[in-house]
Amino acid sequence: MERPKTREELHQVLRERTPKSGELWKSSQDMVPGGLLSEARRFEPYPFYIERGQGPYIWDVDENRYIDCCLAFGVLFLGHRPPFVVEAIRAQLERGTTYGGPHTLEIEFAKKFIECVPCAEQMLMCNSGTEATMQAIRIVRAYTGRTRVAKFEGGYHGWHDYASFSISAKDEAKLGPADHPIPVPESAGIPNQVKDTIMVLPYEESAFQIIEEHASELACVMIEPVVGGGTIPASKEFLQKLREVTKRHGIMLMFDEVITGFRLALGGAQEYYGVEPDIATYGKIIGGGLPVGAVGCSKKVMQSVINVDFSVAVAGTFSGNPMTLAAGNAVLTYLMENRQLYGELAKKGDRLRNGFNEFARAKGLPSMMTGVGSLFQIHFREPPIVKPRDLLTERAGPLRDFQVYLRLNGVFIPWLHLAFISAAHSDEDVEQVLRAHQAAIAESFAANKEA
Ligand code: PMP
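These numbers come from a predicted model, not from an experiment. (Residues numbered from 1 in each chain as written. Predicted model: local features only at pLDDT ≥ 70, side-chain atom pairs only at ≥ 80, totals over all residues. Heavy atoms only, no water.)

### Quick notes on the overall build of the protein chain
Secondary structure summary: the protein chain contains 15 helices and 16 strands in total. Viewed in the frame of its principal axes, the protein chain has a C-alpha envelope of about 70 × 55 × 45 Å. Taking all 451 residues of the protein chain together, the buried fraction comes to 56%. Across the protein chain, the fraction of contacts at a sequence separation of at least 24, relative to all contacts at a separation of at least 6, is 70%. On the protein chain, roughly 19,600 Å² of surface is accessible, and the fraction owed to carbon and sulfur atoms is 54%. Positive and negative charge centroids in the protein chain, built from 48 and 55 side chains respectively, lie 1 Å apart. (Helix = DSSP H or I, 4+ residues; strand = E, 2+ residues; numbered from the N terminus. Buried < 20%, exposed > 50% of the residue type's maximum accessible area, 1.4 Å probe, protein only. Contact = heavy atoms within 4.5 Å. Areas by Shrake-Rupley, 256 points an atom, 1.4 Å probe, with all protein chains shown as cover. Lys, Arg positive; Asp, Glu negative; His and termini not counted. Charge placed at Lys NZ, Arg CZ, Asp CG, Glu CD.)

Quick look at the structure:
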């Protein structure tokens, strides 16, 4: 095939490959603002509509097949439709989809979760990662009697008001000094007062001094152990120091393990790094493909839910619904019985990251792949990338085109976002993902010579 050379030619090839998606995209924009249910689902020249998924692949409505490295934004750790998960969902369907009362699956699920998550002596269930961080923030505030929550620049903790600051902001002028960032709201509609409940920390050593200075105000410091804004793994020393400083001041340390939970290790980032937070939030993998969220912490902290003057309200019509827990129990059981899988996936991830980074270095291309284990993200600037601010100097043109070229090469990664491999990706699939990355980067730099 003649390879497209300009952005317009490139988009034209995709339009020709995805005519049905193009029609659906047009009709959707009449009914849904911008045609998208989430900004994270955007694509150029428009998104493709998905028809089905199986193992490591998805097919769009035009019958194009892609190796799926989005995997529902990290939900599908075992790929699409593992037979034992499909069977568990089918069996539960025969008994009812949701009850609104306690059922045995919640006991089974809580037991497995607590067995795997080092910081969890008790847990709560909800329906998304966003709900989990909302709930955890309420718990730490009730427990400590303090209001302010510190988060790191570049960290994503769901889309509610209390966490929607300084995630993807690219305007350096608004971000404040690198060692003293100011909270930048990520959305219109967040009350100005909420800003005062948040503190944004730099993802570097200077954070510790800021924490010390404001210790008496802080209910918690929350962190993604692998920062989502750039897929930048924290160092063990950084997390250890964070643990030490928060403990010294009676500030709760919260790990947001919505991405890392049951992914970096069975016990998540806590196990992987050997650092135990006071409270941790979960989502994605543990629902087996259905909506889920969870919070785990000690019994002592969880008592604030039932044992303060105004106890912490927890609710949710669908929280702990049996469909989710049937699927979730199937996945947790599988992971508990197949721990070797974590080592295998880390090897595949290393092969992809090292293969790509060696290629970029050998060709002299200013690009690198960050990540750890099964997580990876492509960047268009030279290494090192150690904090989200390093991404301000990315080359936007080639990065944009890269993702489109990658799709032409049969691989789907979400737009400007971290990407994943699953246990369903074979070594050969990973090699194909690597080859597609190598082809796409060469093409996108060739098309952006002036950039
Ligand atoms: N925390 C982190 C670290 C996440 O990555 C996400 C979602 N990508 C969330 C919270 C929010 O989860 P959800 O989309 O399920 O609300």
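### Comments concerning the pairing of strand β1 (residues 50–54)
In this sheet, strand β2 (residues 57–60) lies alongside β1 in antiparallel orientation, the contact comprising four bridges. Within the sheet, the bridge partner assigned to I50 lies in β2 and is D60. Following β1, the chain reverses through two residues before pairing antiparallel with β2; G55 in that reversal takes a positive phi of roughly 60°. (Pairing = 2+ DSSP bridges.)

### Concerning the side chain of E153
Locating E153 in the fold gives a position in the loop between β5 (148–152) and α7 (172–175). Within polar-contact distance, the side chain of E153 engages the side chain of R389 at 2.9 Å. (Polar contact = N/O pair within 3.5 Å; in protein donor to acceptor, adjacent residues only side chain to side chain.)

### A word on the sheet that holds strand β6 (residues 198–201)
Spatial strand order, β4-β12-β11-β10-β7-β5-β6: seven strands in an open sheet with mixed pairing. Each having just a single partner strand, β4 (122–126) and β6 make up the two edges of the open sheet. For this sheet the average axis-to-axis angle between neighbouring strands, irrespective of direction, equals 20°. As paired strands, β5 and strand β7 (residues 218–223) are joined by four bridges and run parallel to one another. Bridged to K151 within β7 is M222. (Axes fitted to C-alpha atoms, helices over the stretch in contact; angles between N-to-C directions.)

### With respect to the site of the ligand
Near the ligand, the surroundings consist of S128, G129, T130, Y156, H157, G158, E224, D256, V258, I259 and K284. Protein chains bury 83% of the 390 Å² of accessible surface belonging to the ligand in isolation. When the residues that make up the shell around the ligand are grouped by side-chain class, the tally is three nonpolar, five polar and three charged. (Near = heavy atom within 4 Å. Nonpolar A, V, L, I, M, F, W, Y, C, P; charged D, E, K, R; others polar.)

### Re the domain arrangement of the protein chain
By the assigned domains, the protein chain splits into domain 1 (1–42), domain 2 (83–337) and domain 3 (352–370 + 381–395). A straight line from the C-alpha centre of domain 2 to that of domain 3 covers 29 Å. Contacts between domain 2 and domain 3 engage 17 residues on the former and eight residues on the latter. In this assembly, domain 2 packs against domain 3 so that about 980 Å² is buried in total across both faces, 60% of it on carbon and sulfur atoms. Of all residues in domain 2, K170, Y203 and I232 give up the largest surface area on contact with domain 3, accounting jointly for 41% of the area buried on that side. A salt bridge links R389 to E153; the shortest N-O distance between them is 2.9 Å. Tallied by class, residues from the side of domain 2 that touches domain 3 come to eight nonpolar, five polar and four charged. (Domains from an automatic or database assignment. Buried area = accessible area lost by both parts, 1.4 Å probe. Salt bridge = Lys/Arg side-chain N within 4 Å of Asp/Glu carboxyl O.)

### Examining the state of the cysteines
The final tally for this structure, using the stated rule, is zero disulfides. Free cysteine C297: the closest other cysteine sulfur is in C119, separated by 7.1 Å. The exposure class assigned to C297 is buried, which follows from its relative accessible area of 0%. (Disulfide = S-S within 2.5 Å.)

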